[in-house]
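# A structural walkthrough
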Amino acid sequence: MSLSYEKLYRQSIDHPEEFWANAAAQLHWYKPWDKVLDSSNPPFYRWFAGGKTNTCYNALDRHVDEGRGNDTAVIYDSPVTGAKERFTYREFRDHVALFAGALQSRGLRKGDRVIIYMPMIPEALIAMLACARIGAVHSVVFGGFASHELAVRIDDCKPKIIISASCGIERDKVIDYKKLLDTGIELAHFKPEICIIRQRPQHKAELNEERDLTWKQALLGSEPAPCVPLESSDPLYILYTSGTTGRPKGVVRDNGGHMVALQWSMQHVYGVKPGETYWAASDVGWVVGHSYIVYGPLLNGNATIIFEGKPVGTPDPGVFWRIIEEYGVSVFFTAPTAFRAIKKEDPKGHYIRKYDLSAFRALFLAGERADPDTVKWAEQHLDVPVIDHWWQTETGWAIAANCQGIEPGPVKYGSASRAVPGYNVKVVNHDNEELDNGQMGDIVIRHPLPPGTMMTLWKADNHFIESYMSAYPGYYQTSDAGYIDEDGYIFIMSRTDDIINVAGHRLSTGAIEAELSAHPDVAESAVIGVADDLKGEVPVGFLVLKSGVDTPPGQIIRHVVEYVRENIGPVAAFKLAVIVNRLPKTRSGKILRRTMRQIANGDDYTVPATIDDPDILEEIKTALQSIGYAQ
Ligand code: COA
Ligand code: AMP
């Protein structure tokens, strides 16, 4: 019999300590907590204060110790190399313990930071869990970010060790990760002591004898390391995400609260039982990868899949269905953009029908709003519930979802469903007054946030307070806007800051603008996200040139596109820029990005009353038309 959503939700909000203590009891603690929730220093709430635990123990050793050592823990499937591998919980625990021993023997200790910059190979998970085992704090950097972004992260978290690979493979391209890493280290002021490089057969990296070791060399003579008991509030990881300033924010996650929330979410949000195969087709560089490729499924005793491929082109739009059949995936999680890519190549779902999807129970989508067309297409062809759920790097797990392990409610297209237990979600106006159902406003979450959500920003407590906790006292500001309907369904409509969402990847337009403005011929720039059929949004840059510049416009545009690719990375998908004489601004000098976006997307717009010179809008429109927008 399913649990009542209303009852469970009320309990989580009215009696959070009792609620989460029950969830925590399923996990292993070296020492029980003194207090379920320490609220003595808001907004720095601490879950399971005084408790001692180890996330790696709970994710791997616990299952072995409880007799599930022969169950499958990790499946590696790489259509880009043809490799396939399966690891049981015992085998994976042994790999992790040995690598953790190698890290310890090189002087890595509790609290030291480690950057992991790797493609989707088993060693990425081994490295993350090895850090967790000995209390080192990992910070995974997505492979699609280039050297400059890597350097910013190196300087912020100051890693003693960096773990990387000789290359990644993007469809048929071999990406030289080691070269990107070397340049990143060169650009950074802080230098790591050691780099450990997994040499891959597709491309061998040159090593710096004084600093670099291969993965194999690192393991020579290593002894397995036991799990180190950690405080519940000791940091497990730092994950950088885009902020409004263009400078990434280092979201810090704890050990205790994180593991409790993730295991609870596997059972209640996703409705997955231990022993089943759960697959999140994302990347360990994103929060989805942290929570639902690595920690969530392993904490819950599931088999998880490391997929080194793309939804299309590796080799065809049937690869997702091949994997679901081959490994008996019961619950699958990906981004709507992946489905749009498949729908484009296989609109009639021919590939879907080639595979036996009988074990498949539910599809979850997140990372961007799931557009109703895509949801309906997936429902029609897959014949399973298609669940849009809303969350952020900061929260680490879903804020709103149609919880499959509780009491699934009806699907409302365009909505991420109701608040997940633990999250007290409200819609407010700028005066922090709660709005009625159906009224659009800023979405906020009342303190305390449930376990698993961010503790702070790395070495930046004040920035944490300013960014998230001060605009609406007593609430966490999500920076998403939307409304809640009369049934409690949450509709996320847009961001309230300059973050855009490109193929499910979160990017700051401010960071791209900084690159454009660095061009010697550019006086001023603006970047907006415009609608894109495949990627949801793509960035478009507007450049105002310095007077007297005689460089051909095409050359300037080519240069800024290269700048963004080289400094931020290919993942920004920045390919479109136009040159204009001026940017539309308010009389106080604020660039009217929203109006520019409306023009680009062909939406209705009203000329803002505060505009300095309305004629500029026509010029913007003409420029956008020249690249196929504003039609
Ligand atoms: N390492 C190096 N480069 C990478 C990379 C990585 N890990 N990931 C992406 N890139 C590169 C790509 O090769 C591409 O380069 P190109 O400009 O030379 O072609 C660029 O970054 C953009 O990549 P991407 O956004 O992945 O676009 P795509 O056209 O290759 O594929 C999709 C489009 C929709 C198939 C793809 O974006 C996708 O699978 N998205 C799912 C997103 C996701 O999982 N999000 C996580 C949140 S759930
Ligand atoms: P990230 O931190 O990369 O996970 O991006 C978080 C942001 O992506 C959110 O603040 C939203 O703007 C957007 N987002 C994620 N999931 C959804 C969803 N289901 N519906 C609408 N927007 C979403």
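This structure is a prediction, so every number in the text was calculated from the model and none was measured.

## With respect to the site of ligand 1
Taken together, 24 residues are adjacent to ligand 1, and Glu170, Lys173, Lys310, Lys535 and Arg565 come closest. Here a nitrogen atom of ligand 1 sits 3.4 Å away from a polar atom, N or O, in the main chain of Gly143. Within the side chain of Tyr177, an N or O atom sits 3.2 Å from a nitrogen atom of ligand 1. Protein chains bury 87% of the 940 Å² of accessible surface belonging to ligand 1 in isolation. When its residues are assigned to classes, the shell around ligand 1 shows 11 nonpolar, six polar and seven charged.

## Some thoughts on the pattern of salt bridges
Opposite charge on two side chains allows them to pair when their charged atoms are near. Taken as a whole and assessed by the stated rule, the structure comprises 30 salt bridges. Residue Asp234 pairs with Lys110 through a salt bridge whose shortest N-O separation is 3.1 Å. Of this pair, Asp234 sits in the loop between strand E13 (230-231) and strand E14 (235-241) while Lys110 sits in the loop between helix H4 (89-105) and strand E6 (113-117), and the two are 124 residues apart along the sequence. You can call Asp234 buried: its relative accessible area is 15%. The class for Lys110 is partly exposed, based on a relative accessible area of 46%. With its nearest N and O atoms 3.0 Å apart, the salt bridge here joins Glu513 to Arg593. Taken as a pair, Glu513 in helix H15 (residues 509-517) and Arg593 in helix H17 (residues 593-600) lie far apart in primary sequence, 80 residues in all. Judged by relative accessible area, which is 12%, Glu513 ranks as buried. Overall, Arg593 belongs to the partly exposed group, its relative accessible area being 27%.

## Some remarks on the environment of Met469
Checked against the element boundaries, Met469 lands in helix H14 (residues 461-469). A C-alpha to C-alpha distance of 7.2 Å links Met469 and Pro43, two positions 426 residues apart in sequence. Once you skip the residues sitting within four places of it in the chain, Met469 turns out to touch Pro43, His447, Phe464, Tyr475 and Tyr476.

## With respect to the sheet that holds strand E17 (residues 303-307)
Sheet strands associate in pairs through backbone hydrogen bonding, adopting either a parallel or an antiparallel arrangement. Strand order in this open sheet of seven strands is E5-E4-E17-E16-E18-E19-E20, and the pairing throughout is mixed. If you trace the sheet from one side to the other, it starts and ends with strand E5 (83-88) and strand E20 (386-388), each paired once. Pairwise comparison of adjacent strand axes, ignoring direction, gives a mean angle of 20 degrees for this sheet. As paired strands, strand E18 (residues 329-334) and strand E19 (residues 362-365) are joined by four bridges and run parallel to one another. Across the sheet, residue Thr334 finds its bridge partner in E19, namely Leu365. Its contacts with the sheet put helix H12 (residues 336-345) on E18 and E19, and the angle it makes with E18 is roughly 100 degrees.

What counts, and where the lines are drawn
Residues numbered from 1 in each chain as written. Chains lettered and ligands numbered in written order. Predicted model: local features only at pLDDT ≥ 70, side-chain atom pairs only at ≥ 80, totals over all residues. Heavy atoms only, no water. Near = heavy atom within 4 Å. Polar contact = N/O pair within 3.5 Å; in protein donor to acceptor, adjacent residues only side chain to side chain. Areas by Shrake-Rupley, 256 points an atom, 1.4 Å probe, with all protein chains shown as cover. Nonpolar A, V, L, I, M, F, W, Y, C, P; charged D, E, K, R; others polar. Salt bridge = Lys/Arg side-chain N within 4 Å of Asp/Glu carboxyl O. Helix = DSSP H or I, 4+ residues; strand = E, 2+ residues; numbered from the N terminus. Buried < 20%, exposed > 50% of the residue type's maximum accessible area, 1.4 Å probe, protein only. Contact = heavy atoms within 4.5 Å. Pairing = 2+ DSSP bridges. Axes fitted to C-alpha atoms, helices over the stretch in contact; angles between N-to-C directions.

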